[in-house]
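So you can see what is in the structure, the chains are spelled out below.
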Amino acid sequence: MLADMDWTAILSNSADKVLAGFVGGLVVAVFTAALRYWLGRRRAGRMEDADFHIAATLYTPLDAADPAHARYADAMAAGKTHVQELLWLGPEVPLVQFLANPYVLHQASRAMGRVRGAGVLLGVMPEMAERPFLKKLLGHHNTIPATDLVRLYKDSVGTAADGRVHGISPPTHENYPGSPHRRVIRAMFVADGQMDAPLPERGAVHFPYPGAENRYDTLQTIIRDYRQDPDRYAACRAYF
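Residues numbered from 1 in each chain as written. Predicted model: local features only at pLDDT ≥ 70, side-chain atom pairs only at ≥ 80, totals over all residues. Heavy atoms only, no water.

Caption draft 1: Structural detail: the overall build of the chain. Within the chain, the secondary structure is distributed over eight helices and nine strands. Restricting the contact set of the chain to residue pairs at least 6 apart, pairs at least 24 apart contribute 72%. Carbon together with sulfur atoms contributes 59% to the accessible area of the chain, which is approximately 13,900 Å² in total. (Helix = DSSP H or I, 4+ residues; strand = E, 2+ residues; numbered from the N terminus. Contact = heavy atoms within 4.5 Å. Areas by Shrake-Rupley, 256 points an atom, 1.4 Å probe, with all protein chains shown as cover.)

What follows is the structure, given as structure tokens:
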């Protein structure tokens, strides 16, 4: 009978087992959390986490009469005529989520390790992997939101009669000697209007962020390469 059972004795005899289970579970939980934290810190330090986003770049003329440019007073005094602005056209997504096909993901990751400098990934991976990769990349432009920032970019580079901006969006993994970089693939959108007009002279550009001057080299590389061989970029023409 339950009423006749000595619960005090049972609990007394089982206390050590209950305590051991509780302590053991707590130790496992703490160890697991610490291990995940350490692995995350290690991956962040080695910049191993790979992501994807669509990037755009503006070289905005500096205007001393514009209150928003007051923070660039020193740059203007030094003779700078433009400021480089780095834009994300939409959110960043994990590369493993963006490229769900394991084969395509593997080939993209290998390609990231092989490129240097501007890191244009066209022709670096097998066509069997590049084709679906570019298809996903172009389709991702449909997710670009109609934000004020996107409208600003469109107004700056020019749009077609239908309100869309056209250009090329080659996948890149910027990897310059001596500069910190994460394992990220950017669809580097360059509008037709930006390819038609030359970039301002490098010495006239103010780069607000240390290391960001590499983006100037990336755009110069893409624009120069496109002008020499437009057909190479036919598979990554995009609009939004």
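Caption draft 2: Broad picture of the confidence of the model for the chain. Per-residue confidence for the chain gives a mean pLDDT of 87; residues scoring 70 or more make up 80%. Across residues 38–48, confidence stays below pLDDT 50; counting only partners more than four residues off in sequence or on other chains, it has seven contacts. (pLDDT = per-residue confidence, 0-100.)

Caption draft 3: Broad picture of the packing of aromatic side chains. Going through the model one piece at a time under the given rule, you end up with seven aromatic pairs. Their ring planes at 75° and their centres at 6.4 Å tell us that phenylalanine 98 and phenylalanine 133 sit as a pair that is edge-to-face. Of this pair, phenylalanine 98 sits in helix α3 (residues 95–98) while phenylalanine 133 sits in helix α5 (residues 127–140), placing them 35 residues apart in sequence. Under the relative-accessibility criterion, phenylalanine 133 is labelled buried at 1%. Judged by centre distance (5.8 Å) and plane angle (70°), the ring pair of tyrosine 226 and tyrosine 233 falls under edge-to-face. Judged by its relative accessible area of 19%, tyrosine 226 is buried. One cation-aromatic arrangement involves lysine 136 over phenylalanine 98; the distance from NZ or CZ to the ring centre is 5.5 Å. The ring of tyrosine 239 has arginine 164 sitting right over it, with the charged end atom 4.2 Å from the ring centre. (Phe/Tyr/Trp six-rings, centres within 6.5 Å; stacked < 30°, edge-to-face > 60°. Buried < 20%, exposed > 50% of the residue type's maximum accessible area, 1.4 Å probe, protein only. Lys NZ or Arg CZ within 6 Å of the ring centre and 35° of its normal.)

Caption draft 4: Region of interest: the side chain of glutamine 84. In this structure, glutamine 84 sits in strand β2 (residues 82–88). The buried category is assigned to glutamine 84, whose relative accessible area is 2%. A distance of 2.6 Å separates a polar atom in the side chain of glutamine 84 from a polar atom in the side chain of tyrosine 59. Separated by 2.8 Å, the side chain of glutamine 84 and the backbone oxygen of alanine 212 make a polar contact. (Polar contact = N/O pair within 3.5 Å; in protein donor to acceptor, adjacent residues only side chain to side chain.)

Caption draft 5: Molecular detail of the sheet that holds strand β9 (residues 237–239). Taken in spatial order, the three strands of this open sheet run β7-β4-β9, and their pairing is antiparallel. Looking along the sheet, the strands with just one partner apiece sit at the ends: β7 (190–191) and β9. Taken together, the three bridges between strand β4 (residues 166–168) and β9 define a ladder with antiparallel strand orientation. Bridging across to β9, histidine 166 finds its partner in tyrosine 239. (Pairing = 2+ DSSP bridges.)

Caption draft 6: Summary view of the environment of proline 208. Checked against the element boundaries, proline 208 lands in the loop between β8 (205–206) and α8 (214–228). Residue proline 208 is classed as partly exposed on the basis of its relative accessible area of 29%. In the structure, proline 208 is positioned 124 residues away from glutamine 84 in sequence and 7.2 Å away in space, judged by C-alpha atoms. Non-local contacts of proline 208, meaning those with residues more than four positions away in its chain, are made with Val83 and Gln84.

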